[in-house]
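Survey of secondary and tertiary structure
This is what each chain is made of:
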Amino acid sequence: MSIRRALVSVYDKTSLEILAQAFISANTKVVSTGSTAQHLRSLGVDVEEVSEVTSFPEILGGRVKTLHPNIHGGILADTSNNAHVQEIDAHHIQPFDLVVVNLYPFKQTVLNGSNEQDIIENIDIGGPTLLRAAAKNNACVTVISDINDYEKVAQHIIANTEFTREERKEFAAKAFSHTAFYDSLISQWMHEHLDDNNTPSDEYTQAWEKVSDLRYGENPHQQASLYANPLQHSSIARSKQLNGKAMSYNNYVDADAAWRAAWDFTPETCVTIMKHNNPCGIACAASVEEAYARALACDPMSAYGGVVATNAEVTLEMAQAMASIFTEVLIAPSINNEALQLLQSKKKNLRIIIVESFSTPRTSLRAIDGGVLIQDTDSVNRDADNAHTWQHVAGDKANSQTLADLEFAWKAVKSVKSNAILLAKDLATVGIGMGQVNRVDSCALAITRANTLDNNRNRTQGSVAASDAFFPFADGVEQLVEAGVKAIVQPGGSIRDSEVIEAAQKAGVSMYLTGTRHFNH
């Protein structure tokens, strides 16, 4: 099954000269469309226009060119089937041996910020149809959707040799993957930009494209790769690395958690330090260097080998403070030249990652056995996350500084793995109890860490506490009260809320209920 007749219709003309030379050498009959035909002619190829084959002109501004029985009959005819052969002969349809197609640049048009009409005009219809038809009939047709395969095709054309059935199947699988990816991009764009309600459909598609293979996954025996959302300009997956070793799987996981946590506090300047997907320090301050110092003070021991994220530009002063501490990753929207030069000279292995902007993803996905869980992304910009909407249920009403600390603690506890208890003072964490299987243990851990990680200084006294979910019993509140916590924020909703509130009231501790929770499993 040598290649005697080919259909070529490509938007991207890159490397088309490779095929052109082969077509000329083998005297291959070539059918083509519009600008592709013009380009092939300029390369010396004798081309028959699609409109000559169909006896019908291109119409609707090029929207309809190849959608015709004279084209698709020639692609879909099973030439090993006598009935098919007789039928196309009766209709004067000639079969194709090769179909070469690449598609309108839908992704690039979206990323360029084009208007809706231009984006819609770059939804290719004829191209995917040609690819799918040829891929379906791979028993008889070779389909090429990847420019990188041109050289291999040219060699076969010049040698007048056929591809094996297995090779044609591989090309067909690649073509189906390409059209599936392309259609997924369109579906994704439609839902994200035209569907204001973002209503989940019964069939869910999401396109991803590989950025790189990673050295290994969560553990050395696991393979891993990084894929990115093709329609998102700025993200950790598309970040710019300015220094250090290649990012690992675990680096990406911790960087993502730290990055999201830092941006929960915008427009305040915030620094987060993340370790094993849990914060070991979060702080807001007037300057990024002060925020870093105060985040580090929460748990300097655990910060060793951690990931640092900030929603502000990294300054020389912050870089100087970081220079003496082993850090795996620094992620920020920007870094000034002096800070970059200092860290590059003193911290050659520090991965410095720049992500120009942050956007909260609309959904989060988690794989389970045989499926995927999809949910709205948890955020802290709802009314329930604003202290002025909370219900005051015990103790005196908090003053403005205490209320600010409570709101800070409430936003920060969202980033802690549940069950989570977080202690804060002066817009900085002082003790974090994370990932325990009961809330009492989380309270005890937060208190212990607060009072043992800063030269045994009592940091719980006068602090505030946030709980990511309700207290099922009063014992957790009693622990916090005994440790010196002066105010508590929690969702409420326990059947024993009255006992919990009574414990706070009895101790004279302010308590606020948010009416919502921030589980982070």
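Above this note sits the structure.
Residues numbered from 1 in each chain as written. Predicted model: local features only at pLDDT ≥ 70, side-chain atom pairs only at ≥ 80, totals over all residues. Heavy atoms only, no water.

Description of the pairing of strand 19 (residues 464-467)
This is how the line gets drawn: Think of it in three bands: with a 1.4 Å probe and only protein chains considered, a residue is buried below 20% of the maximum accessible area for its type, exposed above 50%, and partly exposed in between. Helix and strand definitions here come from DSSP, where helices need a minimum of 4 consecutive H or I residues and strands a minimum of 2 consecutive E residues; each element is numbered from the N-terminal end. If DSSP finds at least two bridges between two strands, the strands pair. The definition of a right-handed crossover adopted here requires that, viewed with the strands pointing away, the path from the first strand over the helix to the second runs clockwise.
The two faces of strand 19 match: V464 and A466 on one face and A465 and S467 on the other face are all buried. Summarising the sheet, strand 17 (residues 421-424) and strand 19 pair through four bridges and their orientation is antiparallel. In the strand pairing of strand 19, A424 is matched with V464. As paired elements, strand 19 and strand 20 (residues 487-490) share three bridges and run parallel to each other. For A465, the partnering residue across the bridge sits in strand 20 and is I488. Viewed along the sheet, the connection from strand 19 through helix 17 (residues 475-483) into strand 20 turns out right-handed.

So, unusual backbone geometry
Put simply, T266 and P267 share a cis peptide bond, and its omega is 15°. Tracing the sequence through the fold places P267 in the loop between helix 11 (249-263) and strand 9 (269-275). Following S418, the chain continues to N419 via a peptide bond in cis, the omega torsion being -5°. Along the polypeptide, N419 turns up in the loop between helix 15 (400-413) and strand 17. With a phi close to 55°, N27 is a non-glycine residue in the positive phi region.

What about the packing of aromatic side chains?
Where two aromatic rings form a pair, the distance of their centres and the angle of their planes describe that pair. We count it as follows: Any two of the Phe, Tyr and Trp rings considered here, Trp counted by its six-membered ring, make a pair once their centres fall within 6.5 Å; the pair's planes then place it as stacked at under 30 degrees, edge-to-face at over 60, or tilted in between. Charge over a ring is defined by NZ of Lys or CZ of Arg lying within 6 Å of the ring centre and within 35 degrees of the ring normal.
Summed over the entire model, instances satisfying the criterion amount to 10 aromatic pairs. Ring geometry for F163 versus F171: centroids 5.2 Å apart, planes at 90°, classification edge-to-face. For the residue pair F163 and F171, the accessibility class agrees, reading buried in each case. Measuring from centroid to centroid gives 5.5 Å for W259 and W263, while their planes differ by 70°, and the two rings are edge-to-face. One end of the pair, W259, and the other, W263, are both in helix 11, four residues apart, so they sit about a helical turn from each other. An aromatic cluster is built from F106, Y182 and W189, whose rings are joined through pairwise contacts. Between R5 and the ring centre of F96, over which it is positioned, the NZ or CZ distance is 4.1 Å. Between the NZ or CZ atom of K13 and the centre of the ring of Y11, over which it lies, the distance is 5.9 Å.

Brief notes about the sheet that holds strand 13 (residues 351-354)
Operational definition: To define axes, lines are fitted to C-alpha atoms, for helices over the stretch in contact only, and angles between the resulting N-to-C directions are given on a 0 to 180 degree scale. Whether two residues touch is decided by their heavy atoms; if any such pair falls within 4.5 Å, the residues are in contact.
Pairing within the open sheet is mixed, and its six strands lie in the order 8-13-12-11-9-10. Across the chains shown, the open sheet's two edge strands, defined by having one partner strand only, are strand 8 (240-243) and strand 10 (278-285). When strand polarity is set aside, the average angle formed by the axes of neighbouring strands in this sheet is 20°. Direction of pairing for strand 8 relative to strand 13: antiparallel, over a ladder of three bridges. From the neighbouring strand, Q241 faces strand 13, where its bridge partner is I353. Together, strand 9, strand 10 and strand 11 (306-310) form the strand contacts of helix 12 (residues 288-298), whose direction differs from that of strand 10 by roughly 145°.

Some points on helix 14 (residues 337-346)
The criterion, for reference: This arc describes the spread of directions from the helix axis toward the C-beta atoms.
Every buried residue belonging to helix 14 is among A339, L340, L342 and L343, and all of these are buried. Down the axis of helix 14, the buried set is contained in an arc of 165°. They therefore lie on one face. Exposed and oriented more than 90 degrees from the buried face of helix 14 are N337, E338 and Q341. For helix 14, the secondary structure elements touched by its buried residues are strand 8, helix 13 (316-322), strand 12 (327-332) and strand 13.

A closer look at helix 12
Within helix 12 the residues assigned to the buried category are V288, A291, Y292, A295, L296 and C298. Projection of helix 12 onto a plane perpendicular to its axis shows the buried side chains occupying an angular sector of 145°, all on one side. On its buried side, helix 12 packs onto strand 9, strand 10, strand 11, helix 13 and strand 18 (429-433).

Considering a nonpolar patch on the surface
Our working definition: Patches here are clusters of residues that have more than 30% relative accessible area and form no salt bridge, with a 9 Å joining cutoff for like charges and a 5 Å cutoff for nonpolar side chains (Val, Leu, Ile, Met, Phe, Trp, Tyr). The protein chains shown are the only cover counted for residues, whose accessible areas, like all others here, come from Shrake-Rupley with a 1.4 Å probe. One side-chain nitrogen of Lys or Arg within 4 Å of one carboxyl oxygen of Asp or Glu is enough to make a salt bridge.
Taken together, the side chains of Y204, W208, Y227, L365, V372 and I374 define a hydrophobic patch exposed on the protein surface, amounting to about 560 Å² of accessible area. For L365, a relative accessible area of 40% gives the class partly exposed.

Some details on the environment of Q391
Within the secondary structure, Q391 sits in strand 16 (residues 391-394). Separated by 122 residues in sequence, Q391 and L513 have C-alpha atoms that sit 5.1 Å apart. Sequence-distant contacts of Q391, that is, excluding residues within four places in its chain, are made with M511, Y512 and L513.

So, the packing of helix 4 (residues 69-76) against helix 8 (residues 126-136)
To be explicit about the condition: Just so you know how the angles are binned, under 35 degrees is roughly parallel, over 145 roughly antiparallel, 65 to 115 roughly perpendicular, and the rest oblique. Each residue is assigned to one of three groups, with Ala, Val, Leu, Ile, Met, Phe, Trp, Tyr, Cys and Pro labelled nonpolar, Asp, Glu, Lys and Arg labelled charged, and all others, Gly among them, labelled polar.
Running from amino to carboxyl end, helix 4 crosses helix 8 at an angle of 30°, the nearest separation of the two axes being 8 Å. Taken together, the axes of helix 4 and helix 8 are roughly parallel relative to one another. Seen from helix 4, the contacting residues are I71, H72, I75 and L76; seen from helix 8, they are T129, L130, A133, A134 and K136. Of the residues that constitute the contact of helix 4 with helix 8, the class distribution is six nonpolar, two polar and one charged.

Focus on the side chain of R351
Stated formally: Contacts described as polar in this section are N or O atom pairs within 3.5 Å, which, within protein, must combine one atom able to donate a hydrogen with one able to accept it, while residues neighboring in sequence count only if both atoms come from side chains.
Among the structural elements, R351 can be located in strand 13. Polar contacts involving the side chain of R351 include one to the main-chain carbonyl oxygen of A246, which spans 3.0 Å. Sequence-distant contacts of R351, defined by excluding residues within four places in its chain, comprise Q241, N243, G244, K245, A246, M247, N251, E328, V329 and L330.

Let's talk about the sheet that holds strand 21 (residues 510-513)
The six strands are arranged 16-21-20-19-17-18 in an open sheet whose pairing can be described as mixed. With partners counted over all chains shown, the strands left at the sheet margins are strand 16 and strand 18, one partner each. The average angle at which neighbouring strand axes cross in this sheet is 20°, direction not considered. Along the sheet, helix 15 makes contact with strand 17, strand 18, strand 19, strand 20 and strand 21, crossing strand 19 at roughly 35°.

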